[in-house]
Each structure stands twice: as C-alpha cells, then as structure tokens.
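# Overview (structure and organization)
Read off the chains here:
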Amino acid sequence: MNPAGHPEATARRGLELTPFRGLRYDPDRVGSLAAVTSPPYDVVVRPDGLLHLESADPHNIVRLILPQAATPEARNDQAAQTLRRWRAEGILTTDPEPGLYVYEQRDGEGMLQRGIIGALRVSDPSEQVVLPHEDVMPHIVADRAALMRATSANLEPLLLTYRGDGPTTATTTLVERTAEQPPLLSTTTEDGFCHRLWSVTDPDDLARVRTELAGHQALIADGHHRWATYRTLRAEHPSPSPWDHGLVLLIDTARYPLRVRAIHRLLHGLPVRDAVAALENHFRVRRLETPLPESLAALAKAAEAGNAFLLAGDGSFHLVDRPDPDLLARTVPADRPEAWRTLDATVLHATLLAQVWHVPDDSAAHVSYIHDTAATVEKAERDGGTAVLMHPVREEVVRDLARQGVTMPRKSTSFGPKPASGLVLRTLDP
C-alpha cells in the first residue's frame, strides 16, 4: 500500500468526504472575524494565550473549544449553553446548502496553502484509510469526547494530508478554480495569516471530488486526539448517524507541502540544574551563552549527527547530545524499526523521562506540550521548570513509519500551518 495515498488495484473504501451545512459566524454580529478565531485547542498557550483570546471578542471560539469552569462537567455544560445561545441569537448561523469548503491560508512571506474542508467518514485503523503517526493520551480523548457530546458539534477541523496525482486532478482543479472566485469570508489574523473560505455546492463538482478521493488514503498531520475522539463517539451511536463522520481539512501535499515543526516539552517540578546534573555520564552537555535563535541553530547542527536536545529555564541554554549507546540499548525498546528507535521523541520519553529524570509523561501535572518555542522557554524560567526544546522530524520519516503501522511517541510533530478554529463548524444535532 502506498503511504502517500495513491490508488491501489485492489478494491477498498478510501476517503469518503461528505458535504455538510457549515455553521459560521455572522460577520455583522461580531467585532471582526479575526477576533473570534483561535489556534486549535492544543496550540493555545495557557493561561496567557487563553486570556488574550477571551478578551479579543466576547464571542471568540475559544469559549467553546476551551471553556473555563470549576469542573469538567461544568466546562462542557457551559460550552453547550454558549453554543445554543450564540445560535439562538444569530451569532452563529447555518449555511443554507450543504457543501464542501475550500480553505486558503497565506502569509506575508510567500507561503500559500489551500485545501478542502468536509465531513469525512470515520474509519477503523484496520482499513488503513486514515493513517495516524502518533500515540494519544486517553485522558485527552475522554476530555474531547465529553465536550463533543455536550455540544453535539465538531468545533474545529483536523488537518489531514494526502498525495494527489499532479496539478490536473479533479480536486486540485476544483480548489484552484474556486479560489479565483469571491470568497464567503476573508480575514487576516494577528499572526499575519490571511484566511479565505469558499463554499462548493455544485452536485457535479461534489461528485468528482468524492470519486477521486475514494482512491486515496490520508495521513493525520494534526488532530490525533480528535480523530480518536471521532472513533470513540461513532462507536457510541448506532449507524447510520451524523457521528459516522468528522470535520477535517484535507491538504494535497503534492501541491501544497506542509511545514513540519517540533512540539516542545515543559517539565514541571524539575529545575534545570537537577536535569543537567542527572545527565552526567549519560550525555554530553554544553552550556551555551547565545540567544534563542543561535542556540536553536546549534541544536539543528547537533541533530545532524544524532539525538540532540536543548534545555532551558535558568536563563541560558544547555545543548544535550551524544547519548551513551549502552544507555540507549538498555532503555529503548528493540521491537520497533530503527527509524523509530532513533527518534528524538523516543529517546526523550523512553530514556530521559522514564529512566534518567523519572518524570511521568502521562500527566499534565508533570509535562506540558507547547508548540511555541519562546513561550516554552519563558514559562520554564517563570515556573522554575525545565524546557526541553526539540528538533523537527523530517516528513518522510513520519510517512514511512505510518505506512508500517508504527506510531511515534505522542506530540512528536507539529505540521502546519494549522487551520484556524472558528471559520466553520459542523453541528451533529438534527
């Protein structure tokens, strides 16, 4: 089977993307569309970024994807009530016709990404239609499932990638042709990205896309926990039901390659001095007296030769590399492909966290996962913890492991740019 998503000679069900009636903000009822959007729930840096988004507009989508209350039940009830109120007040309105949505992101540095948003049939791993590449944490899946049950909605799309057959494919042709028309919405968020959205409702266009995508499979680029949530909720509802499908953004990376970035770790309760001391005789550690950009460049150089990490939190940076081969042989599971055994995330979790630092990696009380590099360093310095800055994994490594059915350690990669949350939602109630 081709991991890039090309058709096979044997018959199987591939991607099944279904039109839906999108739920969208009425631009006349909010301050601005940019002010009601948010990064995906797991990218929001808390509490600073959360408070910033909540204050941007009283109707910011973060009040639905990250509701704030004393208990999980109260948070989910609050999100459900907020969603019902916004719909009743016309803050959010349902589009008149079901369709697929062409979505474009563009920044000021020449980056352009286009894809198509729809309701994708939720499939089992055995079908190898949607390929995960990372492990998930059950408590996050349970949390997202409880929120989706309460709101009866897909509040933000997952990011999936597939490999088209060139610029003349039906889906790519439709996306490019649609992007030449006036959009349903256009807004520029404070990070400098311009977002545009179009609706595609023509039955012939929809049929061509459905036929073509049926010959492809997709890689989960971002949203492993939400995909696992979709599977959990589908199993709870007798089929056929709206829960048979979940909201996704599909990007043809043959046309629009994604960026792959690292997700960093913040270790709570482990000061940098203790983290560094524990590495003696296990890794080489060098203190760097250089700013963050130069220190990251040193990390990238060291990563060319093998596993490397950058520790921060005490006002300077510590480059960690050259692990003891005997230590790796004792701590890294040997029943996986070499590409998995040599991942930085594998060595971090199996060796450093589990054996050297004795930090449990399955609880937010011990480890936080943060996408923004500077924010990770700042929080470590403020809280007295240790920031572990990671170097990105190459996309071809991710795809190769996914094709083999081997999942990477949780939060190993950050594909992007990610879709903004709040541009289009999908409701599952009648």
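Above this note sits the structure.
Residues numbered from 1 in each chain as written. Predicted model: local features only at pLDDT ≥ 70, side-chain atom pairs only at ≥ 80, totals over all residues. Heavy atoms only, no water.

### Some thoughts on the environment of Val367
Note on placement: Val367 falls in strand S18 (residues 367-370). Look at Val367 and you get buried, because its relative accessible area is 2%. For the pair formed by Val367 and Val347, sequence separation is 20 residues and the distance between their alpha carbons is 16 Å. (Helix = DSSP H or I, 4+ residues; strand = E, 2+ residues; numbered from the N terminus. Buried < 20%, exposed > 50% of the residue type's maximum accessible area, 1.4 Å probe, protein only.)

### Re the packing of helix H6 (residues 170-178) against helix H7 (residues 203-213)
Direction vectors running N to C along H6 and H7 enclose 140°, while the axes themselves pass 8 Å from each other. As the angle between them shows, H6 and H7 are arranged oblique. Here H6 contributes Ala170, Thr171, Leu174 and Arg177 to the contact with H7, which in turn contributes Asp205, Arg208, Val209, Glu212 and Leu213. Grouping the amino acids of the contact of H6 with H7 by side-chain chemistry returns four nonpolar, one polar and four charged. (Axes fitted to C-alpha atoms, helices over the stretch in contact; angles between N-to-C directions. Parallel < 35°, antiparallel > 145°, perpendicular 65-115°, else oblique. Contact = heavy atoms within 4.5 Å. Nonpolar A, V, L, I, M, F, W, Y, C, P; charged D, E, K, R; others polar.)

### Considerations on H7
Among all positions of H7, only Asp205, Leu206, Val209, Glu212 and Leu213 are buried. Down the axis of H7, the buried set is contained in an arc of 135°. They therefore lie on one face. Residues of H7 that are exposed and point over 90 degrees away from its buried face: Pro203, Asp204 and Thr211. N-capping of H7 is provided by Asp202, with a side-chain oxygen placed 3.1 Å from the backbone N of Asp204. (Arc of directions from axis to C-beta. Polar contact = N/O pair within 3.5 Å; in protein donor to acceptor, adjacent residues only side chain to side chain.)

### Overview of the sheet that holds strand S19 (residues 386-389)
With respect to topology, six strands assemble into an open sheet ordered S15-S17-S16-S19-S14-S18, the strand pairing being antiparallel. Either end of the sheet is taken by a strand with one partner, and the two such strands are strand S15 (284-288) and S18. Taking each pair of neighbouring strands and ignoring which way they run, the sheet shows an average axis angle of 25°. Where strand S14 (residues 264-267) lies against S19, three bridges are found, and the strand directions are antiparallel. Bridge assignment links Leu267 to a residue of S19, and that residue is Thr386. Contacting S15, strand S16 (308-312), strand S17 (317-321) and S19, helix H10 (residues 292-303) runs over the sheet at an angle of about 155° to S16. Against the sheet, helix H13 (residues 344-356) contacts S14, S16, S18 and S19, and its axis sits at roughly 60° relative to S16. (Pairing = 2+ DSSP bridges.)

### Overview of the packing of aromatic side chains
In this structure the tally under the stated criterion is three aromatic pairs. Aromatic side chains Phe20 and Tyr101 sit 5.3 Å apart centroid to centroid with 50° between the ring planes, which places their arrangement in the tilted category. Of the two residues, Phe20 sits in the loop between strand S1 (17-18) and strand S2 (23-25) while Tyr101 sits in strand S4 (residues 100-106), which places them 81 residues apart along the sequence. For the pair Phe20 and Tyr101, a shared accessibility class is recorded, and that class is buried. Ring geometry for Trp227 against Tyr230: centres 6.1 Å apart, planes inclined by 70°, an arrangement best described as edge-to-face. In this pair, Trp227 and Tyr230 are both assigned in helix H8 (residues 224-236), three residues apart and thus about one turn of the helix distant. Accessibility assignment for this pair places Trp227 and Tyr230 in one class, buried. A cation over an aromatic ring shows up here: Arg144 above the ring of Tyr41, its NZ or CZ 4.0 Å from the ring centre. (Phe/Tyr/Trp six-rings, centres within 6.5 Å; stacked < 30°, edge-to-face > 60°. Lys NZ or Arg CZ within 6 Å of the ring centre and 35° of its normal.)

### Here we look at the pairing of S19
Taking every second residue as pointing to the same face, both faces of S19 are buried, with Thr386 and Val388 on one and Ala387 and Leu389 on the other. When S16 meets S19, the two strands line up antiparallel, connected through three bridges. Among the inter-strand pairings, Ala312 is bridged to a residue of S19, identified as Ala387.

### So, H10
With 12 residues, H10 ought to run about 16 Å at 1.5 Å a step, and its terminal C-alpha atoms sit 16 Å apart, in line with that. Here H10 has its buried residues at Ser295, Leu299 and Ala302. The buried residues of H10 occupy an angular sector of 65° when projected down its axis, which confines them to one face. Away from the buried face of H10 by more than 90 degrees, exposed residues Pro293 and Lys301 are located. (Expected span 1.5 Å × (residues − 1).)

### Thoughts on the side chain of Thr253
In this structure, Thr253 sits in the loop between strand S12 (245-252) and strand S13 (259-261). Note on Thr253: relative accessible area 2%, which makes it buried.

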